[in-house]
Amino acid sequence: MSHTLDEITSQPECWARVLDELPRHAPALPATGERVAVIGCGTSWFMAQSYAQLREEAGHGLTDVFAASEAKLDRSYDRVLAMTRSGTTTEVLTALGRTRPGTRVTTITAVAGSPAAELSDDVVALPYADERSVVQTRFPTTQLLLLRAHLGLPVDRALADVSRALADPLEPELLGAAQISFLGEGWHVGLANEAALKVREAAAWWTESYSAMEYRHGPIAVAAPGRAVWSLAPVDAGLVRQIEATGAHLRQGGLDPLAELVVVQRLAVELARAAGRDPDRPAHLTRSVVLAG
């Protein structure tokens, strides 16, 4: 078993543990009414996209999201929330160094003593969700589940569905798809972006990701027999008809979207195995992007 697959299958335990820890972590997380900027890179950026959408939809306050390299932290925020597994990514550290005086900084990380943690006022450390694999799986889902719960949103379905996500057989049409487009709506768009990244990273597969409503504005042109469209949540009947007319296989997620992402993680590992690639150590990738000075 690869480290990646082992880490994927450990997610039920990680999720249960982080929810037990919520009372301890809550004081470090953004309070209702705060103006918040959320930053991250790669997978963490996509989790930040989902959290920002959830936070604003839940009425907790303005929540901007930036790739760390593009963060506009000269604006007036009450808090910057940095999401970074290693806490060593150059762009995150540079962004935190530009935070306006008086802005509180919280970092969610797997490494309590990381450079990002040292630049922060508050640290949420999740060391048990850290990973040996370069490809992130359990750390991003664990932190997003924590943030969902902190917003007061229900997570019972996610906890119930993750077991199915790990046990249900993968669809042969997905295993045989030459190309996969992932779709989402609202907070699911960040998950769709992460799903596409996961399959690209692990298996070097042709994947794309879009808002479901934007998919018909051009991207649907690549849909064809032998390819697939995977929505992290059900889509409207009109789009279903359009996708089916292309001959592409359509999967409409029936699980909680975070659990649906776990199914994508499993697919990524299987596609990597079939392609003779090592999902633990994908080509050209490292655990953390540390740029030379």
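Higher on the page you've got the structure.
Residues numbered from 1 in each chain as written. Predicted model: local features only at pLDDT ≥ 70, side-chain atom pairs only at ≥ 80, totals over all residues. Heavy atoms only, no water.

Looking only at helices and strands, one finds 13 helices and nine strands in the chain. When the backbone C-alpha atoms are referred to their principal axes, the chain occupies close to 55 × 40 × 40 Å. Counting all 293 residues of the chain, 57% fall into the buried class. Total accessible area on the chain is roughly 11800 Å²; 53% of this is exposed by carbon and sulfur atoms. Side-chain charges in the chain split into 27 positive and 35 negative, and the spacing between the mean points of these groups amounts to 2 Å. (Helix = DSSP H or I, 4+ residues; strand = E, 2+ residues; numbered from the N terminus. Buried < 20%, exposed > 50% of the residue type's maximum accessible area, 1.4 Å probe, protein only. Areas by Shrake-Rupley, 256 points an atom, 1.4 Å probe, with all protein chains shown as cover. Lys, Arg positive; Asp, Glu negative; His and termini not counted. Charge placed at Lys NZ, Arg CZ, Asp CG, Glu CD.)

With that out of the way, let us pick up the sheet that holds strand 5 (residues 122-125). Spatial ordering of the open sheet is given by 2-1-3-4-5, a layout of five strands whose pairing is parallel. Bordering the open sheet on either side are strand 2 (63-67) and strand 5, each of which pairs with just one other strand. Averaged over all pairs of adjacent strands, the angle between strand axes in this sheet comes to 20°, irrespective of strand direction. Lying over the sheet, helix 4 (residues 43-57) contacts strand 1 (36-40), strand 2 and strand 3 (79-83), oriented at roughly 170° with respect to strand 2. Strand contacts of helix 7 (residues 138-150): strand 3, strand 4 (104-109) and strand 5, with the helix running at about 135° to strand 4, the strand carrying the most contacts. (Pairing = 2+ DSSP bridges. Axes fitted to C-alpha atoms, helices over the stretch in contact; angles between N-to-C directions. Contact = heavy atoms within 4.5 Å.)

The strand order 7-6-8-9 describes an open sheet built from four strands, whose pairing is parallel. For this open sheet the edge positions go to strand 7 (206-211) and strand 9 (249-252), each flanked by a neighbour on one side alone. Sheet twist, expressed as the average angle between the axes of neighbouring strands with direction ignored, equals 20°. One ladder, built from six bridges, connects strand 6 (residues 179-184) with strand 7; its direction is parallel. Looking across to strand 7, one finds that Gly184 is bridged to Ser211. Sheet contacts for helix 12 (residues 237-246): strand 6, strand 8 (228-231) and strand 9; angle to strand 9, the most-contacted strand, approximately 150°.

Here we come to the environment of Ile8. Among the secondary structure elements, Ile8 is positioned in helix 1 (residues 3-9). Residue Ile8 is classed as buried on the basis of its relative accessible area, which comes to 0%. In the structure, Ile8 is positioned 113 residues away from Asp121 in sequence and 31 Å away in space, judged by C-alpha atoms. Leave out the neighbours within four places in its chain, and Ile8 touches Thr137, Leu166, Val262, Gln265, Arg266 and Val269.

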